[in-house]
Structures are given as structure tokens and as C-alpha cells.
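Structure assessment
Here is how the chains run, residue by residue.
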Amino acid sequence: MGNGYDSVNKNLVWVVLLVVMTLELFIFTWSRVQCTTVGYALTHQQDENNHLVSLKKKLIIERAHLRAPDRIAAIAQERMGLNIPEQNQILTLR
Amino acid sequence: MKTSYRIKTNNSEKNGKSLAAREMAVAVFFSILFLIIAGRAVHVHVFQGTWLAEQAKSQYNKYMVTCGKRGTIYDAKNQELAVSLEVTSLGAFPKRMDDKKEVANKLAKVLGLNAWDLRKKLQNTTSFTWIKRKISPKAVAEIKKFKLPGLEFVAEHNRFYPNRGLAAHVIGFTDTDGKGLEGVEFQYDQELYSAPDKFLVTRDARGKRFNTSDGYTTGFQGNNVVLTIDRQIQYLAEKALNDAAKEFQARYGTAVVMNPNTGAILAMAQYPGFNPNAFGKYNKDLWRNRAITDPYEPGSTLKVILAAAALEAHLLTPTSSFYCENGSYRVGGNKVNDTHPYEWLTVQQIIKYSSNIGAVKISEITGKTLLYETLTDFGFGKNTGIDCPGETPGILSNCKKWRTIDTGAISFGQGVSVSAVQLLTAISAIANGGNLMKPHIVQSVVAPDGTLVKNCETQSPKRVISTETAEKVKEIMASVVAEGGTGVNAALSKYTVCGKTGTAQKIDSGRYSADKYNSSFVGFAPKNNPQVAVLVILDEPKNAHYGGTVAAPAFKRIIHETLNYMNVEPENDNNDDTILLAQRFETKRDGVKP
């Protein structure tokens, strides 16, 4: 009986060791895969961020272009019939 | 039976021994194998580990160098005048390409390159090579669709001027590598420039980037430069100048607007202009900022400085009279003429009617030394120190070399050359009560995070005339724009304008030309609290040439629109509607009271 019990215990230790080793292997592999996936995700997010920053800059430039005085003046004069007021057309509010 | 059993037992023992031996052999064989593998593993990891790791790194990691973003140039109201736009450049790692011929053909088609040259380039290069720099977003999208291996899209910057030709001569432009070539871009190149940066690019076995952003941009950039130029005033000045130059078919034109109290340049316009986004398409002659780089003979505008010299030395008063010889006067063997014949004129009238003979007579009182000293005190003959490249000091020879006619000619602005910015700075000194300010075009240099790097506006003004003299000269200049004066076309109804006309003959083939003139008008307003000083110069106008006819209307338009834009309170406001509005407001407020 004693010998049989020892043999079962030994086998159990081996099985547990194997399971632990296998689990360790899986956990290690999983963490490496996760690390790589996060690395790619990070790259993607950085790309996205750069794209948005670049877009923002382009929009700022577009705004500056749209606000250009010659463009505003042309729209005011041609579309709205406005002109820079003459001296006698200016009223001063005190 | 017994024997046979024994025989069987012997066979079984033999078999058992043979199996054990075989097992042992296999075990030993595999043990040796494992030992070899273990030994190799130890060798690779322990003895070759560092070298192999570096080999692997060199395959997966590559350093890329890219330029930082050049700083932005803003106007006084923080509106963008020059910005850097991100563009993509295409590079390649030919080693990673499977079929270089296919890559070359596809890229050549999209980028408009020669396929054969590109293929040769890819075949002859082992490491990184540029395919084409600064390509269009459309081409980038098309190339990305091909999913070709070994291509590298690198972000770079391109300079862009959103207002096109507005203030182009002031701002200047850069070359394709982002180096300033003209204007503020050149003068403040070090501040605007961002040094190249090195980026580590990690790639996996399939060449896919890992932990590195697309284009490797990290947002590092040079400092920003804030100008004193106001985009709106610049536009008003350019529009008025262009219209005047076209009306009188002038060869060139310059208009400068300055804050006389600080020396800050609010606008610096030039005709004809150019678009800095495509500066290569324009004649190089149009690139320079003539208000800074070109000296010209100021003509009668210099009489104001003559008057200041005489009044400051208490040699004369504005009412001192001179006989003006009925329009013709001989000086040192040369004849000086007036446009209209005059007999007796006071100092004020000499300036008002712009009498050359009167100016010569004043210079005879002041003498050449005092005139020279006053001119140098006002900054003529030397650089003003404005922060623009290529400034001319003008031409003012030492008074020891002056002959009698030279003193006479310089008194009415011939025989001396000044730059536009020099003249306006001198007139601004009269406007602000006698302090010569250093003209400047840059307000400050600011770091990308908004912290102040350099304040360019601090300066110590130099007193050149007393406040009393400045006031007397202002009165004289106001009379020029009053009824009967040569500058009446510059008068405004709501502000008192002080100004002076200038009409200078140009030198042509070593002699003063009879039909080529420089027409100018310089002045400021409002008289009692000057906010704006303006100079307009038109070179070789046709049909008319007097400063009062050619330049004064443009001056008037610029100063009127600028004062209006700046909300400067009118001096002479007698508008009934204004009073009515005020009364109505009072009535309404009183009505609410219990």
C-alpha cells in the first residue's frame, strides 16, 4: 500500500509540474503576443494621432487662407456690394 | 519439457539484454544529441549572444533622420503669414523588394518618373534611397494601394504662405530644404529653423513598423516669430498702392506704414508683388524689399528736416521771411528753379508751397555743417538697424566735401539718397515729439509652447529735436495739407494730417532726367496724437509726376482706412448724427430714471 501511495504521489507531482510548466509556457507566450499586439496598436494610435494633428494643422492653414483680407474684401464687394466707408459715411459713437 | 523451458528462458534473457542495450544506445544517442544542442545553445546564448542580438537589431531597427517643422510667422494679431505644411516624401529599402522592375514601373507611372532610371537606382542601391521628395497626397494614396514592400513614406515639411502675395517682400521665402532666402525668413532663419532629428524605426520580420508612428513625426519645431505687421493694414496699403501704381503706370511703388511712437512697422507694401508660394516663377528683381534695400533721392520731403534743423538751432522761426527770387536763383554757378515764381515767403510757406529757392535760402542760414549734423542725427547716411536683410545706409557724403550747390541741392532733397524706412523713421521722430525710434518688423520670438524667447520691441529712443521744435514742424507740415498747400490731396475731414510732398528728378545716364521722377508723400495723423505715419513712393509715374498729385491720394486712402480700422477717435468730428445718437442715448437713460 505504502509503495503504491508513493508512486501515485510521484506521478501527481510530475503531472502538476508538467501542468505548471505548460501553463507558464502559455502565459509567457500569451504575454509576448499581448505585448506585440499592444505595440502594433500603439503604432496605429500614434499614426491616428499624427493624422489628426496633421489634419488640424491643415485646417488652421485653410482657415488662414479663408480669412485672407483680399478674399474677404472680394466677397464683401462682389457678393454683398459693400465698400470701405468714405469719411462722411463714418459715425462716431461716444 | 524441462529442457525446452530452459532454452526458452535463455532466449528471453538474451532478448532482454539486447533490448536494454538498444535502449541504452538510443538513450546515449539522444543524450549526446541533447548535449550537443545544449552545448550549441550555451554557445549561442552565452558566447555569441551579444553579437547575434546586435545583428538582429540592425535588421529590425533603423535610424531615420528627418527635419523638424519650421516655426510659424504670425502677424501682430496672431494670424498666420507663413506656415509649414506636412508633406510626404517617398524613400525605399531596395533589399526588401522582391521585384524591383515591377516596383519601378508602378512608381514611375504614378510619380511621373523614368521607369528605367528608377529601376537602375533601385538595383544599384543596397540601403535606403529617396525615390521622390514632397509628393502629392493623391500620389501617396495611389502608391499605398499597391502595397509594395520596401517603400518608406517619410513626413517632411513644405513652406506655405496662406495669404499668397500679401507682405511677400517682408516675409520672404525659403528654399526646398526649408532654409530662409529672403525677408524675415532669412533674417530670422536661426530662430525659425528646427534642427534635424534622428528616429529609431523598428520593424518586424514582414517589414511592418512596430512601436513607431507613421512618418516619424513627433511635432518638434522651431520658434515662432510674431511680426509688427498687421495683415489688415498690410492689405489696405497694398490695395491703395497697387491702384495708384496702375493708375499712373508707375514702374515700382512702395508704401510703408509705421507706428511713430514705437517704430513698429504696421505695413510695408510694394508694387509689383510676387507670390512666395511660387517665387521661382517671378523675376528675381521683384523679390527684394525696396523700402529697405533701395536708396532714392527724397526730393522736397527732406525740406522738413531742413526746417527742423533751422528751428532747433533757433536760427529762424516759422514766420521768418525769405525772398524767393521770382522762381529762379543762381547758386554757385548753377540755376535753381521753382515750379511757381514766389517773392517773399515765410519758412512755413516755403514748406507749404515747396519752394526750392526758399529751401536753398534756409540752408544758407543753417550752413552745411548744421544741415549735415541734423541729417545724420535723424539717421540719414547710416543703417536704421531694422531687422530686415540688405538694408541700405543711403548716400550722404561728408559735409566737408559739399560744394555750395551740393548744400543747396541737399536742402531740397537732391544729391542725397535715403531709404524709404529711413525717411519714415525721421518723420516719425517729428510726429512723436522728437524721439528717433529704431524701426522694427518683429515684435517677438516665441517658443512652440508659447514662452517668450526674445522681445524685440525694447529700445532706447534717441532725442533728435526738442518737443517745441517738433510741434513747430508739425504745424508747418499741417499747413502743407491745408488749402493751397502742395499736399491738399492728402487732407482728411475728420483728422488733421501733417505731411510733405516730394518730387525728385531721377538720374538717367549721369544727368537729372527731364521726364523720370520719383513722386512721394510722407506724413502722419492725427496731428495732436499721431498714431500712424505713412510714406508712399511711386517710381516713374506717367501722365503726372508731382507727389501731391500722384502719391498724396494713395497716402490719404491708406491713412484714412488705417485710422478707421484702428478705431482712432476723430479730431474734427462735427457730424450731427453723432451728436443726435448721443442725445438720444441720454434721453433714453433719463427717461428710465424715477
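Since we're looking at a predicted model, the values are computed, not measured. (Residues numbered from 1 in each chain as written. Chains lettered and ligands numbered in written order. Predicted model: local features only at pLDDT ≥ 70, side-chain atom pairs only at ≥ 80, totals over all residues.)

Check the secondary structure of chain A and you find two helices and zero strands. Relative to the compact-globule value of 12 Å for 94 residues, chain A shows a C-alpha radius of gyration of 38 Å, a clear excess of over 25%. Principal axes of the C-alpha set define a box for chain A whose edges measure 120 × 30 × 15 Å. Within chain A, the proportion of its 94 residues that are buried is 1%. (Helix = DSSP H or I, 4+ residues; strand = E, 2+ residues; numbered from the N terminus. Rg over C-alpha atoms; globule rule 2.2 N^0.38 Å. Buried ≥ 20, exposed ≤ 12 C-beta atoms within 10 Å, placed from the backbone.)

All names here are of chain B. Reading across from one edge, β10-β9-β21-β20-β19 is the order of the five strands in this open sheet, with antiparallel pairing throughout. In this open sheet, the two edge strands, each paired with only one partner strand, are β10 (265-271) and β19 (498-508). The mean angle between the axes of side-by-side strands here comes to 10 degrees, regardless of whether they run parallel or antiparallel. Sheet analysis places strand β9 (residues 252-258) next to strand β21 (residues 532-539), joined by seven bridges and oriented antiparallel. (Pairing = 2+ DSSP bridges. Axes fitted to C-alpha atoms, helices over the stretch in contact; angles between N-to-C directions.)

Our focus in this paragraph is helix α13 (residues 356-377) of chain B. Residue and element names in this part refer to chain B. Its 22 residues give α13 an end-to-end C-alpha distance of only 23 Å, which falls more than 12% under 32 Å, the value for a rise of 1.5 Å per residue. Along α13, the sharpest change in direction is near 95 degrees and occurs at Gly367. Immediately beyond the C-terminal end of α13, within one or two residues, lies Gly379, with a positive phi of roughly 100 degrees. (Expected span 1.5 Å × (residues − 1). Bend = angle between axes of the 7 residues up to and from the residue.)

The next subject is the domain arrangement of chain B. Reports of interface size often rely on the accessible area that becomes lost once the parts have come together. All names here are of chain B. Splitting chain B by domain gives domain 1 (2-47), domain 2 (63-225) and domain 3 (231-565). Summarising the inter-unit geometry, the C-alpha centres of domain 2 and domain 3 are found 46 Å apart. When residues of the side of domain 2 that touches domain 3 are traced back to their parent elements, those giving at least two are α6 (168-171), α7 (183-187) and β8 (224-227). Counted by class, the side of domain 2 that touches domain 3 contains 14 nonpolar, nine polar and five charged residues. (Domains from an automatic or database assignment. Nonpolar A, V, L, I, M, F, W, Y, C, P; charged D, E, K, R; others polar.)

Quick look at the confidence of the model for chain B now. Within chain B, residue pLDDT values average 88, and 92% of them lie at 70 or more. The complex model carries a pTM of 0.80, and its ipTM stands at 0.70. (pLDDT = per-residue confidence, 0-100.)

Next up on the list: the pairing of strand β12 (residues 328-331) of chain B. With burial as the criterion, only one face of β12 of chain B is covered, namely that bearing Tyr329 and Val331 of chain B; the residues Ser328 and Arg330 of chain B on the opposite face remain uncovered. Connecting β12 of chain B to the next strand, strand β13 (residues 334-337) of chain B, in antiparallel fashion are two residues, including Gly332 of chain B with a positive phi near 50 degrees.

It is worth spelling out the pairing of β13 of chain B at this point. As paired elements, β12 of chain B and β13 of chain B share four bridges and run antiparallel to each other. When the bridges of β13 of chain B are listed, Arg330 of chain B appears paired with Lys335 of chain B.

How two helices pack is summed up by the angle between their axes together with the distance between the axes. Residue and element names in this part refer to chain B. At a minimum axis distance of 10 Å, the contact between helix α11 (residues 303-312) and helix α16 (residues 467-481) shows a crossing angle of 140 degrees. By the angle between their axes, α11 is oblique relative to α16. Seen along the crossing, α11 lies across α16 with a hand that is right-handed. In contact with Val304, Ala307, Ala308, Leu311 and Glu312 of α11, α16 contributes Thr469, Lys472, Val473, Ile476 and Met477. Class assignment for the residues of the contact of α11 with α16 results in seven nonpolar, one polar and two charged. (Parallel < 35°, antiparallel > 145°, perpendicular 65-115°, else oblique. Left-handed = near helix turned anticlockwise from the far one by under 90°. Contact = placed C-beta atoms within 7 Å.)

All names here are of chain B. Here Tyr271 and Pro272 are connected by a cis peptide whose omega angle stands at -5 degrees. Residue position: Pro272 is located in the loop between β10 and α10 (290-293). With omega at -15 degrees, the peptide bond leading from Ala525 into Pro526 counts as cis. Note on placement: Pro526 falls in the loop between β20 (511-525) and β21. Phi at Arg164 is positive, roughly 50 degrees, even though this residue is not glycine. When you line up the elements, Arg164 lands in the loop between β5 (151-160) and α6. Its 16 C-beta neighbours within 10 Å are what place Arg164 among the partly exposed residues. Phi at Ser354 takes a positive value of approximately 55 degrees, unusual for a residue other than glycine.

Take the nonpolar core next. One recurring pattern in soluble globular proteins: nonpolar side chains tend to sit buried together. All names here are of chain B. With 128 residues, the main nonpolar core has Ala255, Val256, Val257, Val536 and Ile558 as its most contacted residues. At nine residues, helix α15 (residues 420-431) tops the list of elements feeding residues into this core. Three or more residues apiece are contributed to this core by two domains, here domain 2 (63-225) and domain 3 (231-565). Here Val536 is in contact with Leu241, Ala255, Ser520, Phe521, Ala551, Ala554, Phe555 and Ile558, once residues within four sequence places are set aside. (Core = buried A, V, L, I, M, F, W, Y, C linked by C-beta atoms within 7 Å.)

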